[in-house]
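Chain by chain, the residues:
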Amino acid sequence: MGKGGKSHQEGEENMAAWLVGLNTLKIQPFKLPPLGPHDVRVRMKAVGICGSDVHFLKTLRLADFVVKEPMVIGHECAGIIEEIGSEVKNLVPGDRVALEPGIGCWRCDLCKEGRYNICPDMKFFATPPVHGSLARQVVHPADLCFKLPDNLSLEEGAMCEPLSVAVHACRRANIGPETNVLVMGAGPIGLVTLLAARAFGAPRIVVVDVDDYRLSVANNLGADGVVKVSTNMQDIPQEVERICEMMGAVGVHVTFDCAGFNKTMSTALSATRAGGRVCLVGLGHNEMTVPLTPAAAREVDIIGIFRYKNTWPLCIELLRSGKIDVKPLITHRFGFSQKEVEEAFETSARGGDAIKVMFNL
């Protein structure tokens, strides 16, 4: 995707936020690829910071993905169409769109089965070596740009990306009106999972976290109960007891582990009723030591999820209809100067009262 240059607009340089080294972001020129017949050029307007963006900034790696050369950061995004390719029929310049950041190969068996999210050749914004979307403009396939209805803001469009993770998890775990849900972790993904599970019909949802502020946000978003826990493995039995008391006699049908640590996964496996499901959403640890045998003896199924597939139309409809409101999750907003980009990432990394940090370009 090139290393810098001019945009299509009156010789103005297209600028982007580049991850150039450990804890170092620089706004530098970003040369766009030529517009293909099925592509669109989008002027970015709203870009959110994800935990994975912060992780790349702090460590230059995430799981097996390693940043070996400068990379444009960002993947939660929405903007306005500026130019369309010759074969694009469904979008016109001026349309406001939310972008799905991953491009499958469409040749492998997984893509052909519709499971393009686990395509081995997936090209995903801001996942090395692919550049991201924290830029003035990007070029992207038109069929991964979804038109926003008039009653949705561009910020809500950008929130379709984290919401898609939750929607995909709820689909994989078969959430419905007879499914009591436990959510481990009240960070951004845990909170959108709470909202999605409710929209899918879950009658009772309990949220667990170590942080009082985040639990208060979960409460305000409609959790039926919240449980504050410790980081100490020894506390699991008492904490499971409290979770089960709060959930009631029927118990936990599905637990979403939105953190992915030994402690959260062990708690999830212990708290979920016999015959239930645990869905691993957060990938905090590469390897875990968890009580699998007792869970297997109770036929607790473990489901993994990775990103999402075919979720944007449903996310947009859930937001348009008011079944889900993501606006309270956007806690901090920044512009697109060098100073503000640095401040925004510091704010997101610090946590505290920052849930979703959003750039307005």
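Residues numbered from 1 in each chain as written. Predicted model: local features only at pLDDT ≥ 70, side-chain atom pairs only at ≥ 80, totals over all residues. Heavy atoms only, no water.

Undergrad: Sorry, what's going on with the overall build of the chain here?
TA: Within the chain one finds eleven helices and 20 strands. Computed over the C-alpha atoms, the radius of gyration of the chain is 21 Å, within 12% of the 21 Å expected from 2.2 N^0.38 for a compact globule of 361 residues. Dimensions of the chain, computed from C-alpha atoms along their principal axes, come out at roughly 65 × 40 × 40 Å. Residues counted as buried form 54% of the 361 residues belonging to the chain. (Helix = DSSP H or I, 4+ residues; strand = E, 2+ residues; numbered from the N terminus. Rg over C-alpha atoms; globule rule 2.2 N^0.38 Å. Buried < 20%, exposed > 50% of the residue type's maximum accessible area, 1.4 Å probe, protein only.)

Undergrad: Whenever I open this one, the domain arrangement of the chain confuses me. Can you help?
TA: Interfaces are often sized by the amount of accessible area the parts lose when they come together. Entries for the chain in the domain assignment read domain 1 (13-146 + 325-358) and domain 2 (165-302). Taking only C-alpha atoms into account, the centre of domain 1 sits 29 Å from that of domain 2. Taken together, the twelve residues of domain 1 in the interface contact ten residues of domain 2. Summing both partners gives a buried area of about 820 Å² for domain 1 against domain 2, and 65% of it is carried by carbon and sulfur. In this assembly, domain 1 and domain 2 are joined by zero salt bridges. Classifying every residue of the side of domain 1 that touches domain 2 gives five nonpolar, three polar and four charged. (Domains from an automatic or database assignment. Contact = heavy atoms within 4.5 Å. Buried area = accessible area lost by both parts, 1.4 Å probe. Salt bridge = Lys/Arg side-chain N within 4 Å of Asp/Glu carboxyl O. Nonpolar A, V, L, I, M, F, W, Y, C, P; charged D, E, K, R; others polar.)

Undergrad: Even after reading the chapter, I still don't get the sheet that holds strand β6 (residues 71-72), so can you show me in this structure?
TA: In sheet architecture, strand pairing relies on hydrogen bonds along the backbone and comes in two forms, parallel and antiparallel. Overall, antiparallel pairing links the three strands, which are arranged β2-β1-β6 in an open sheet. Strands at the two margins of the open sheet, each flanked by one partner only, are β2 (24-29) and β6. Across the sheet, helix α1 (residues 51-59) lies against β1 (15-21), β2 and β6, angled at about 45 degrees from β1, the strand it touches most. On top of the sheet, helix α11 (residues 338-350) reaches β1 and β2; it is set at about 145 degrees to β2, its chief contact. (Pairing = 2+ DSSP bridges. Axes fitted to C-alpha atoms, helices over the stretch in contact; angles between N-to-C directions.)

Undergrad: Please clarify how the sheet that holds strand β18 (residues 301-304) should be interpreted in this entry.
TA: Taking strand neighbours across the sheet as the criterion, the six strands line up as β15-β14-β13-β16-β17-β18 in an open arrangement whose pairing is parallel. Only two strands of the sheet have a single neighbouring strand rather than two, namely β15 (225-228) and β18. Neighbour to neighbour, the strand axes of the sheet diverge by 20 degrees on average, direction disregarded. Where strand β14 (residues 205-209) meets β15, four bridges bridge the pair, whose relative direction is parallel. Residue V208 lies in a different strand from β15, and its bridge partner there is V227. The strands that helix α6 (residues 212-220) touches are β14 and β15; relative to β15, the one it contacts most, it runs at about 170 degrees.

Undergrad: What should I look at first to understand the packing of aromatic side chains in this one?
TA: Going through the model one piece at a time under the given rule, you end up with six aromatic pairs. Their ring planes at 25 degrees and their centres at 6.3 Å tell us that F146 and W312 sit as a pair that is stacked. A residue pair is termed long-range when its members are at least 10 positions apart, and F146 in strand β12 (residues 145-147) and W312 in helix α10 (residues 312-320) qualify at 166 residues. By relative accessible area, W312 is classed as buried at 0%. (Phe/Tyr/Trp six-rings, centres within 6.5 Å; stacked < 30°, edge-to-face > 60°.)

Undergrad: Explain the side chain of T255 to me, please; I cannot follow it from the model alone.
TA: Tracing the sequence through the fold places T255 in strand β16 (residues 252-257). We classify T255 as buried; its relative accessible area is 0%. Within polar-contact distance, the side chain of T255 engages the side chain of T272 at 2.8 Å. Setting aside chain neighbours within four positions, we find T255 in contact with L182, M184, A268, T272, R277, V278 and C279. (Polar contact = N/O pair within 3.5 Å; in protein donor to acceptor, adjacent residues only side chain to side chain.)

Undergrad: Just checking my understanding: could you explain the packing of helix α4 (residues 160-172) against helix α5 (residues 188-199) for this structure?
TA: In helix packing, the relevant descriptors are the interaxial angle and the interaxial distance, both defined with respect to the helix axes. Packing of α4 against α5 leaves a shortest axis separation of 8 Å and a crossing angle of 55 degrees. Compared by their axis directions, α4 and α5 come out oblique. Seen along the crossing, α4 lies across α5 with a hand that is right-handed. Between α4, through P162, L163, V165, A166, V167 and C170, and α5, the contact on the second element is made entirely by I189, V192, T193, A196 and A197. Of the residues assigned to the contact of α4 with α5, the class counts are ten nonpolar, one polar and no charged. (Parallel < 35°, antiparallel > 145°, perpendicular 65-115°, else oblique. Left-handed = near helix turned anticlockwise from the far one by under 90°.)

Undergrad: What's the story with the pattern of salt bridges in this structure? I'm lost.
TA: Pairing between side chains of opposite charge can happen when the charged atoms of each approach one another. Evaluated as defined, the whole model comprises 14 salt bridges. Residues K228 and D212 are paired through a salt bridge, measuring 3.0 Å at the closest nitrogen-oxygen approach. Of this pair, K228 sits in strand β15 while D212 is found in helix α6, placing the two residues 16 residues apart along the sequence. Classification of K228 by relative accessible area gives partly exposed; the value is 39%. For the salt bridge of K327 with D325, the shortest nitrogen-to-oxygen distance reads 3.1 Å. When salt bridges that share partners are traced, they join R41, R43, E82 and E83 into one network.

Undergrad: Is there a simple way to think about the confidence of the model for the chain in this case?
TA: The predicted coordinates should not be examined in detail at positions where pLDDT is low. Averaged over the chain, the pLDDT score is 95; the fraction of residues at 70 or greater is 97%. Note that pLDDT drops below 50 for residues 1-10; the model gives that stretch 33 contacts with residues more than four away or on any other chain. (pLDDT = per-residue confidence, 0-100.)

Undergrad: Would you mind going over the nonpolar core with me for this structure?
TA: Side chains of a nonpolar character, in soluble globular proteins, are inclined to be buried together. Ranked by size, the top nonpolar core spans 61 residues in total, and within it I175, V207 and F256 carry the most contacts. If you list the elements that add at least two residues to this core, you get α3 (154-158), α4, β13 (181-184), α5, β14, α6, β16 and α10. Considering every element that reaches this core, the biggest residue donor is α4, with seven residues. Looking at this core, you find at least three residues from each of domain 1 (13-146 + 325-358) and domain 2 (165-302). In this structure, F256 is in contact with A169, C170, A173, I175, V181, L182, V183, M184, T193, C279 and V281, ignoring residues within four places of it in sequence. Counting residues in each nonpolar core, the second largest holds 42 residues, with F30, L57, V139 and V357 among its members. (Core = buried A, V, L, I, M, F, W, Y, C linked by side-chain atoms within 4.5 Å.)

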